[in-house]
Amino acid sequence: MKTTDYFVAFDLGATSGRTILGTLAGDRLELEEVTRFPNRMLRLGGHFYWNIYSLYEHLKEGLAAVARKGIPVTSIGIDTWGVDFVCLAPDGTFLGLPFAYRDPHTVGQKENFFREVMPADALYARTGIQHLDFNTICQLYTLKRHNNFALSQASGLLFIPDALSYMLTGNKVTEYTIASTSGLLNPVTRQFDVSLLGMLGADASLFPPMVEPGTAIGGLSEDICEALQLSSIPVIAVAGHDTASAVAAVPAGDENFAYLSSGTWSLMGIETSKPVINEKTSAFNITNEGGVDGTIRLLKNITGMWIVEQCLAEWRKAGVKYTYPQMVELAMEARPFLCFINPDDEAFANPHCMPEAICAYCRRTEQACPQTHGEFIRIIFESLALRYREVLDVFRGLASKPVSRLHIIGGGSRNRLLNQFTANAIGLPVVAGPGEASSIGNIMLQAKAAGAVSSLKEMRRIISTHAKLEYFTPAEEDVWSDAYDNYLSITKK
């Protein structure tokens, strides 16, 4: 007789979060979205923060909604974005709100770090992590430079999923995959680089003990159980980094694939058995982050749907709203290859007005500016697809096995127009789905902790049976090849 397990996944992104109930009966996996809630950066005193207390309340509301179903929950797991952290006071309380990674206080600080602490190539050789202004190492350096009170008084640091688990259980851990985004780990030992932390005036003892994905943290606290009328449910340290959970949910039956976790950020890469740190990965700023079952996520961050999202937000201010089908229709009607942008240009990181930033980029690169909303949408999608090819070509050269297809996972996998553009640009088949990859990976890692599945391979087999996948075949390859040459000539100026 098949047993049934019920898992609660809290999947938190940079703009919203969800409570997902996963039901696993043998090989049958079913998902139900129980609650959805906003996650907005707070702007206070010229800085951007995360309202972690609001997120905690939303987690409790999600648990209450699950409790009303009257089912025996096996466990709970939390995944979030990477790099950000909370400072803990000696009494265990939080020292203020955590900075959001888009806060401008770190802009330009990595160059100061490279000049004052360690050259860029030396840092990459130690950590294998892509140099980004908002990496945890850069945030710590910036806060130290600015004599930040919270950091100066901190007796501990918790990454965001670990902080939320601490709020639920009272127990502190450092989950490996979320810690691997920090730029503070030795990628071989998978532990904090003590001497590197020392250069920042910090100590590895600030972080709780490191645990692997699938480790039990503890049960819900008595306060929460009493308030919600729940028994003490185990909280599991899943792959706390949402991309790590998402990559665990790639429905691949072999190793001949690259992946693209598509959302506000696009994260493209391949899976390896050990870190890859050499001149080529350093030159292309490729990162080595922790994965499940001892794997390494060799990947590169690419600005994803953020640019479109910010354009849509700007147009909403003027009273213009688009449904997804309307947005696609506008893009389809627009002239192809009007102009190109590099989605990773710093101009698009967090501009005051995204459409204005795009036009300014086009003027700077001597291109025609888009005039209609459809043209803006189309050039963003086309430029993203071409950027994907540019990055994938690098990974093809790094992979030990031929890359025969690209798996697109996450919310962006539902963008059929961009999926087709991507297949056209890279000249390889694209397999799209699952859209709920982070939640599914979160749930399946809880299932692994519960003994319901035994390995990453078995997880993926079950997911491939459950997921609704779409397949995209390359078309108009010559046209897209010419466009790629033009894209490179513009973006390399």
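Below or above, wherever it landed, is the structure these notes cover. As the structure is a computational prediction, the values presented were derived from the model and not from experiment.

## Here's the deal with the sheet that holds strand β15 (residues 257-262)
Point 1. Pairing is mixed across the open sheet formed by seven strands, whose spatial order is β17-β18-β16-β15-β19-β20-β21. A single partner strand is all that each edge strand has here, and the edge strands are β17 (287-290) and β21 (470-472). In this sheet, neighbouring strand axes are inclined to one another by 30° on average, regardless of whether the strands run parallel or antiparallel.
Point 2. Pairing of β15 with strand β16 (residues 265-272) involves four bridges; the strand directions are antiparallel. Along β16, the bridge assignment pairs Ser 262 with Ser 266.

## Comments concerning the pairing of strand β6 (residues 75-79)
Point 1. A large share of β6 lies buried, amounting to five of its five residues.
Point 2. Alternating residues of β6 divide into Ser 75, Gly 77 and Asp 79 and Ile 76 and Ile 78, and every residue in both groups is buried.
Point 3. For strand β1 (residues 4-12) and β6, the ladder comprises five bridges, and the chain directions are parallel. Residue pairing across strands places Phe 10 opposite Ile 78, the latter belonging to β6.
Point 4. Direction of pairing for β6 relative to strand β14 (residues 234-237): parallel, over a ladder of two bridges. Looking at β14, one finds that Gly 77 is bridged to Ile 236.

## Points about the nonpolar core
What tends to happen in soluble globular proteins is that the nonpolar side chains get buried as a cluster.
Point 1. In terms of nonpolar packing, the biggest core is built from 80 residues, with Leu 164 and Leu 220 touching the most fellow members.
Point 2. Counting residues per element, this core draws most heavily on helix α1 (residues 52-67), at eight residues.
Point 3. Not counting the four nearest positions on each side in its chain, Leu 220 is found in contact with Leu 63, Ile 76, Leu 168, Cys 225, Leu 230, Ser 231, Ser 232, Ile 233 and Val 235.
Point 4. If you look at the next biggest cluster of nonpolar residues, it comprises 63 residues, including Met 305, Trp 315, Ile 358 and Ala 432.

## Overview of the sheet that holds β1
Point 1. Spatially, the six strands line up as an open sheet ordered β3-β2-β1-β6-β14-β13, and their pairing is mixed. Of all strands in the sheet, those bounded by a partner on one side alone are β3 (28-38) and β13 (215-219). This sheet shows a mean twist of 25° between the axes of neighbouring strands, independent of strand direction.
Point 2. The strands touched by α1 within the sheet are β1, β2 (16-25), β3 and β6, with β3 carrying the most contacts at an inclination of about 135°.

## Looking at the packing of aromatic side chains
Point 1. Tallying each qualifying case throughout the model produces 19 aromatic pairs.
Point 2. Put simply, the rings of Phe 337, Phe 340, Phe 421, Trp 480, Tyr 484 and Tyr 487 touch in pairs and so form one group of aromatic residues.
Point 3. The ring of Trp 306 is capped by Arg 102, whose NZ or CZ atom sits 3.7 Å from the centre of that ring.
Point 4. Lying across the ring of Tyr 176, Arg 190 places its NZ or CZ 3.9 Å from the centre.

Parameters and conventions
Residues numbered from 1 in each chain as written. Predicted model: local features only at pLDDT ≥ 70, side-chain atom pairs only at ≥ 80, totals over all residues. Heavy atoms only, no water. Pairing = 2+ DSSP bridges. Helix = DSSP H or I, 4+ residues; strand = E, 2+ residues; numbered from the N terminus. Axes fitted to C-alpha atoms, helices over the stretch in contact; angles between N-to-C directions. Buried < 20%, exposed > 50% of the residue type's maximum accessible area, 1.4 Å probe, protein only. Core = buried A, V, L, I, M, F, W, Y, C linked by side-chain atoms within 4.5 Å. Contact = heavy atoms within 4.5 Å. Phe/Tyr/Trp six-rings, centres within 6.5 Å; stacked < 30°, edge-to-face > 60°. Lys NZ or Arg CZ within 6 Å of the ring centre and 35° of its normal.

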